[in-house]
Amino acid sequence: MRIALFQGAPHPLDVPGNLQRLRHQAHQAAEQGAQLLVCPEMFLSGYNIGLAQVERQAEAEDGPAAMEVVEIAQAHRIAIAYGYPERADDGTIYNSVQLIDAHGRSLCNYRKTHLFGELDRAMFSAGADHFPVVELEGWKVGLLICYDIEFPENARRLALAGAELILVPTANMAPYDFVCQVTVRARAQENQCYLVYANYCGAEDDIRYCGQSSIVGVDGSLLAMAGHEECVLLADLSREQLQRGREAFPYLTDLRRELHLREG
């Protein structure tokens, strides 16, 4: 499977404009043979927009914006993972990412479980115990959002559930470049999973995003990595590399789960 990752500056409070950007990027990615396009955290609305605007912008997972993403995915025959503010049936607002396949089917809607400081907590509720692994183009895929990947338990949980690819829309800012440069590579290698880390670049109010999005191989190698400017990354997944990596570093089979996964 060929993956495209879009790194760009946020366009806060411009859902129509961001949907148009998504349409353009989906077209470009599909033209280059990509079967999946991954965009940053809260891509549709912008991230650092405050509670009042989050409440205005939040939609259901099958709301009008989602239906337009469905149409974009179908029109360009490409799966899309995108971040957005979700309003649940009970009115609770979550920082969510949805994965739509090339036929327009929603494969997964994941709610961020680990909220980052007062910035996140002022806008969102934390997601519940729901870490789905779904199948896309023959690959088993799990999702996390930004700060989630900094907790090794989250990625390991997905890997033990069968994930071969972990998608991480993010809004990581300076001075946390270390996460972009080291942490995401370690998470891929220690779990023998491909990992896609889709960040913003540029600024949003007082936040300066650190870019450095990446597509990481199962051995922690960088298949593609961005700098600090807008760009699109492309990389191909290899099942042979996945198998060789898991044979070379059999962490998932050698893990003594009874020692590490006990209750209490």
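In the block above lies the structure referred to throughout.
Attention in this report is confined to the structure presented alongside it. (Residues numbered from 1 in each chain as written. Predicted model: local features only at pLDDT ≥ 70, side-chain atom pairs only at ≥ 80, totals over all residues. Heavy atoms only, no water.)

**Brief notes about the pattern of salt bridges**
Here's step 1: Applying the stated rule across the entire model yields eleven salt bridges.
Here's step 2: The shortest N-O distance in the salt bridge between Glu68 and Arg23 comes to 3.7 Å. Residue Glu68 is located in helix α3 (residues 64–76), and its partner Arg23 is located in helix α1 (residues 15–31); the two are separated by 45 residues in the primary sequence.
Here's step 3: Here Glu164 ties to Arg239 by a salt bridge, and the two come within 3.0 Å at their closest N and O atoms. Placement of the pair is Glu164 in the loop between α5 (152–160) and β8 (165–169) and Arg239 in helix α7 (residues 239–248), with a sequence separation of 75 residues.
Here's step 4: On the basis of relative accessibility, which here comes to 11%, the residue Glu164 falls in the buried class. (Salt bridge = Lys/Arg side-chain N within 4 Å of Asp/Glu carboxyl O. Helix = DSSP H or I, 4+ residues; strand = E, 2+ residues; numbered from the N terminus. Buried < 20%, exposed > 50% of the residue type's maximum accessible area, 1.4 Å probe, protein only.)

**Some remarks on the environment of Glu118**
Here's step 1: Topologically, Glu118 is positioned in helix α4 (residues 117–121).
Here's step 2: Among the residues examined, Glu118 registers a relative accessible area of 61% and is labelled exposed.
Here's step 3: Separated by 13 residues in sequence, Glu118 and Phe131 place their C-alpha atoms 24 Å apart.

**Observations regarding the environment of Gln35**
Here's step 1: Its location among the elements puts Gln35 in the loop between α1 and β2 (36–38).
Here's step 2: The exposure class of Gln35 is partly exposed, given its relative accessible area of 29%.
Here's step 3: Put simply, Gln35 and Ser238 are 203 residues apart on the chain and 14 Å apart in space, counted from C-alpha to C-alpha.
Here's step 4: When neighbours within four sequence positions are excluded, Gln35 is seen to be in contact with Met1, Arg2, Ile78, Ala79 and Glu137. (Contact = heavy atoms within 4.5 Å.)

**Notes on the nonpolar core**
Here's step 1: Counting 50 residues, the largest nonpolar core has Leu36, Leu99, Leu165 and Leu167 as its most contacted members.
Here's step 2: Among the elements that take part in this core, strand β9 (residues 194–198) stands out by supplying five residues, more than any other.
Here's step 3: Apart from the residues lying within four places of it in its own chain, the contact partners of Leu36 are Met1, Arg2, Ile3, Ala4, Ile78, Ala79, Ile80, Ala81, Leu99, Leu136, Leu165 and Leu167.
Here's step 4: Core analysis: the second largest hydrophobic core is formed by 37 residues, Val15, Leu37, Tyr47 and Ala171 among them. (Core = buried A, V, L, I, M, F, W, Y, C linked by side-chain atoms within 4.5 Å.)

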